[in-house]
Amino acid sequence: MMMRLLFVFFISISCVFADESEMSGQQWLEKMSHAMETYDYHGTVTFFKSGRLDTMKYFHASNEGLEQERLLSLNSPMREVIREGGKVSCVFKNSNKVVVNHRPVSGSFIVDLPTDFSASSSVYQFTLQGEESVAMLSTRVISIEAKDPYRYSRKIWIDKQFFLPLKIEVYDLSGVRLEQVVFTDLQVVDDLDFVGAESNVEITNIKHIHQEESSAVEMADFVLENVPAGFQTKFFTRMNRTNSEHAVDHLLLSDGFSSISIYREPKEENIQLGLQTLGTVNSFTHVIDDFEITVMGEVPAETVKFIAQGIKIR
């Protein structure tokens, strides 16, 4: 009897490892996407972006399809950032002020992911690249390699037990690392409470931005003639500016992993034209008629330039 139990045990263990080893890179990413939405977990995460290093406490709570992400700074300036639904709130501890962005560009503080990985496979190649340890946890390394020069490649280290991302790196077109997000510890728990960003703040200390409702892209006063494959329109808004009769048009494109914002606004004096670079983010600004056009995103410089030069005013 004991020999039979041992035989069944080893067979079941073999099947688990067999199933895991047979998973494709895309399947690992799909399981990770589901885990990020459904688990309650917290840890310490380090962001290296634009030459700056930030270490923060991270919390993710999930309840009946609703999610809340929180980042709590460990160093000055002391702040807490909360993402819930379609808004991101930043609470500044010293001044007790809150800024609420109702149109955040990113969908996650850790890593943006497409809703349809099969569609993204037309512009990205998902491959398995061995196993490594991160935060003393065993991970599987997934390479997300761009198939064209219009986007950056990435690698994600996925925890083998819970399928959560423990490390993400972004690379430029020559393979040099541009940014890194890495957990130094991570713990999955049964339940985490949701926290209110505005509960203890005077209403006069709360500033709301980008509250305008999304409009049909056909309402934009410009058209895009150069859009790289894989990028789709996420939303379009027309934002009214304080003390100005002119509005600012904002169109957001995304390929799932990377987002690109396009702004059209009246031309101002002393604007800085041409290409600007800050870490992984590139922007390109030029003038068409009496309007200032800016294209920016976490994409290569030639991508924002290519899109900007194909914009026509209606």
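Residues numbered from 1 in each chain as written. Predicted model: local features only at pLDDT ≥ 70, side-chain atom pairs only at ≥ 80, totals over all residues. Heavy atoms only, no water.

Moving on, we get to the pattern of salt bridges. Evaluated as defined, the whole model comprises 14 salt bridges. One salt bridge in this structure joins Arg151 and Asp255, with 3.0 Å as the shortest N-O distance. Of this pair, Arg151 sits in the loop between strand S8 (137-146) and strand S9 (153-159) while Asp255 sits in the loop between strand S15 (247-254) and strand S16 (259-266), placing them 104 residues apart in sequence. On the basis of relative accessibility, which here comes to 0%, the residue Arg151 falls in the buried class. Classification of Asp255 by relative accessible area gives buried; the value is 5%. Among the salt bridges present, the one from Glu298 reaches Arg154, with a minimum N-O distance of 3.2 Å. Within this pair, whereas Glu298 is found in the loop between strand S19 (291-297) and helix H4 (301-308), its partner Arg154 is found in strand S9, the two being separated by 144 residues in sequence. Like Glu298, the residue Arg154 is buried in the burial classification. A cluster of three or more residues bridged by salt bridges with shared partners is formed by Asp221, Arg238, Asp249 and Arg264. (Salt bridge = Lys/Arg side-chain N within 4 Å of Asp/Glu carboxyl O. Helix = DSSP H or I, 4+ residues; strand = E, 2+ residues; numbered from the N terminus. Buried < 20%, exposed > 50% of the residue type's maximum accessible area, 1.4 Å probe, protein only.)

For soluble globular proteins, nonpolar side chains are generally found buried alongside one another. By size, the foremost hydrophobic cluster in this structure holds 41 residues, and its most contacted members are Leu29, Val45, Leu71, Ile110, Ile156 and Ile158. Ranked by the residues each element gives to this core, the list is headed by helix H2 (residues 25-38), at 5 residues. The residues touching Leu71, leaving out its near neighbours within four places in the chain, are Val45, Phe47, Met56, Lys57, Tyr58, Arg79, Glu80, Val81 and Phe109. Counting 17 residues, the second-largest nonpolar core is a separate cluster that includes Phe222, Ile262, Phe284 and Val295. (Core = buried A, V, L, I, M, F, W, Y, C linked by side-chain atoms within 4.5 Å. Contact = heavy atoms within 4.5 Å.)

Next up on the list: the sheet that holds strand S18 (residues 281-288). Reading across the sheet, the 6 strands line up as S14-S15-S16-S19-S18-S17 and stay open at both edges, with antiparallel pairing between neighbours. Of all the strands in the sheet, the pair left with one neighbour each is strand S14 (232-240) and strand S17 (274-278). Strand-to-strand twist of the sheet, defined as the mean angle between neighbouring strand axes without regard to direction, takes the value 15°. Where S14 lies against S15, 8 bridges are found, and the strand directions are antiparallel. Residue Arg238 lies in a different strand from S15, and its bridge partner there is Asp249. (Pairing = 2+ DSSP bridges. Axes fitted to C-alpha atoms, helices over the stretch in contact; angles between N-to-C directions.)

A few words now on unusual backbone geometry. Along the chain, Ser76 connects to Pro77 via a cis peptide bond; the corresponding omega equals 0°. Within the element layout of this structure, Pro77 appears in the loop between strand S3 (66-73) and strand S4 (79-84). One non-glycine residue with positive phi stands out, namely Glu64, at about 50°. Within the secondary structure, Glu64 sits in the loop between strand S2 (52-63) and S3.

Right, let's get into the environment of Ser259. Topologically, Ser259 is positioned in strand S16. As a C-alpha pair, Ser259 and Gly297 span 38 residues in sequence and 5.7 Å in three-dimensional space.

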